[in-house]
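Descriptive structure summary
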Amino acid sequence: MKVLIVGANGQIGKHLVSFIKDNESLQAKAMIRKEEQASYFEDLGAETAIVDLEGDIDTIAKAAEGVDAVVFTAGSGPHTGKDKTIMVDLDGAVKTVEAAKKAGVKRFIMISSFDTRRQAILDAPDSFAPYVAAKHYADEWLRDTDLEYTIIHPGALTNDSGTGSVKVGNDLEVAEVPREDVARVIVAALENDSTIGKEFQVVGGETPVEDAVKSV
């Protein structure tokens, strides 16, 4: 399975490409924004596509040609304004969904926010509400397609080393989860068709990733 990773230069994306390198059944194609980022991924054996997520759908669709799955793990980051949140976390996500459809790619994995229900927008601090709103509508857009989607809702992301064990489910209490383990969950979701049409939260836990994902 050839996987286009949108936002590959992010921390989850880098972990994901690294795990795919060691997985005989998966092949990575890293979608990145700058030419100078390419060598990192090429050294990991990944094909690269230089695409600005704020560009048009056709450019993203061209990068998605010939792949079997798309993983959206891009984000505007915590230090940008509301404008970038809209352009990347909402519009970028929706354009990637539309690009996958245009390229004939059925499998799509969205890395979302921990809780994107409408109430979560109302409950979020003012500075965080635009991000939750963006993710809410991006998730809604994906659900309304006929893509074979999985939406993953990670808890509070950390840069701690992963443990290889997590807790998954719905209506979990928010807790930390290493980005490295989120990447492991993505790999497991790609390998488990039982996750198609489903979404779940993931936080640190005691269940090995593969077993946790199979239980979804």
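Heads up: the structure comes first, above all this text.
What comes next is a walk through the structure.

What counts, and at which threshold
- Residues numbered from 1 in each chain as written.
- Predicted model: local features only at pLDDT ≥ 70, side-chain atom pairs only at ≥ 80, totals over all residues.
- Heavy atoms only, no water.
- Salt bridge = Lys/Arg side-chain N within 4 Å of Asp/Glu carboxyl O.
- Helix = DSSP H or I, 4+ residues; strand = E, 2+ residues; numbered from the N terminus.
- Buried < 20%, exposed > 50% of the residue type's maximum accessible area, 1.4 Å probe, protein only.
- Pairing = 2+ DSSP bridges.
- Core = buried A, V, L, I, M, F, W, Y, C linked by side-chain atoms within 4.5 Å.
- Contact = heavy atoms within 4.5 Å.
- Phe/Tyr/Trp six-rings, centres within 6.5 Å; stacked < 30°, edge-to-face > 60°.
- Axes fitted to C-alpha atoms, helices over the stretch in contact; angles between N-to-C directions.

**With respect to the pattern of salt bridges**
Inspection of every chain in the model, using the stated rule, returns 14 salt bridges. Among the ionic pairs, Asp 58 bridges to Lys 102, the shortest N-O distance being 2.2 Å. Highlighted residues: Asp 58 in helix 3 (residues 57-64) and Lys 102 in helix 4 (residues 82-103), separated in sequence by 44 residues. Classification of Asp 58 by relative accessible area gives partly exposed; the value is 46%. Using a relative accessible area of 56% as the deciding quantity, one classes Lys 102 as exposed. Between Arg 143 and Glu 140 there is a salt bridge, with its nearest N and O atoms 2.5 Å apart. Of the two residues, Arg 143 and Glu 140 are both situated in helix 6 (residues 129-143); the distance of three residues between them amounts to about one turn of the helix. Within this structure, Lys 2, Lys 29 and Glu 47 form a network of salt bridges that share partners.

**A short note on the pairing of strand 5 (residues 107-111)**
The buried fraction of strand 5 amounts to five of the five residues, a majority that puts the element mostly inside the structure. Along strand 5, one buried face is formed by Arg 107, Ile 109 and Ile 111 and the opposite face, lined by Phe 108 and Met 110, is buried too. Pairing geometry for strand 5 and strand 6 (residues 148-154), over five bridges, is parallel. Considered in strand 6, the bridge of Phe 108 is made with Tyr 149.

**Things to note about the environment of Gly 66**
Take Gly 66: it is sitting in the loop between helix 3 and strand 4 (69-72). For Gly 66, a relative accessible area of 61% gives the class exposed. Taking the C-alpha atoms as reference points, Gly 66 and Ile 111, 45 residues apart in sequence, are found 22 Å from one another.

**Observations regarding the nonpolar core**
Ranked by internal contacts, the top residues of the largest apolar core, which has 35 residues, are Ile 152 and Ile 186. Counting residues per element, this core draws most heavily on helix 7 (residues 179-190), which supplies eight residues. In this structure Ile 186 touches Ile 12, Leu 16, Val 71, Ile 109, Ile 111 and Ile 152, once residues within four positions along its chain are discounted. Ala 99, Ala 100, Leu 142 and Ile 151 belong to the second largest nonpolar core, which has 27 residues in total.

**Description of the packing of aromatic side chains**
In the structure shown here, the tally under the stated rule is two aromatic pairs. Centroid distance Tyr 40 to Phe 41: 5.0 Å. Interplanar angle 80°. Geometry classified as edge-to-face. Classification of Tyr 40 as partly exposed rests on a relative accessible area of 38%. The exposure class assigned to Phe 41 is buried, which follows from its relative accessible area of 0%. Considering the side-chain rings of Phe 128 and Tyr 131, the 5.3 Å spacing of their centres and the 35° angle between planes classify their relative orientation as tilted.

**Examining the sheet that holds strand 3 (residues 47-50)**
Strand order in the open sheet formed by nine strands is 3-2-1-4-5-6-10-8-11, with mixed pairing between adjacent strands. Looking along the sheet, the strands with just one partner apiece sit at the ends: strand 3 and strand 11 (207-208). Direction of pairing for strand 1 (residues 2-6) relative to strand 4: parallel, over a ladder of four bridges. Counted as the bridge partner of Val 6 is Phe 72 from strand 4. Where helix 1 (residues 11-21) meets the sheet, its contacts fall on strand 1, strand 2 (27-32), strand 4 and strand 5, and the angle it forms with strand 1 comes to roughly 165°. Strands in contact with helix 4 are strand 1, strand 4 and strand 5; relative to strand 4, the strand with the most contacts, it is inclined by about 180°.

**Thoughts on the pairing of strand 6**
Most of strand 6 is tucked away, with six of its seven residues classed as buried. By the bridge criterion, five bridges tie strand 6 to strand 10 (residues 198-204) in an arrangement that is parallel. The residue of strand 10 that forms the bridge with His 153 is Gln 201.

**Things to note about the environment of Ala 8**
With respect to the element layout, Ala 8 can be found in the loop between strand 1 and helix 1. In this structure, the C-alpha to C-alpha distance between Ala 8 and Leu 172, residues 164 residues apart in sequence, is 27 Å. Discounting chain neighbours no more than four positions away, the residues touching Ala 8 are Gly 13, Lys 14, Val 17, Ala 30, Met 31, Ile 32 and Phe 41.

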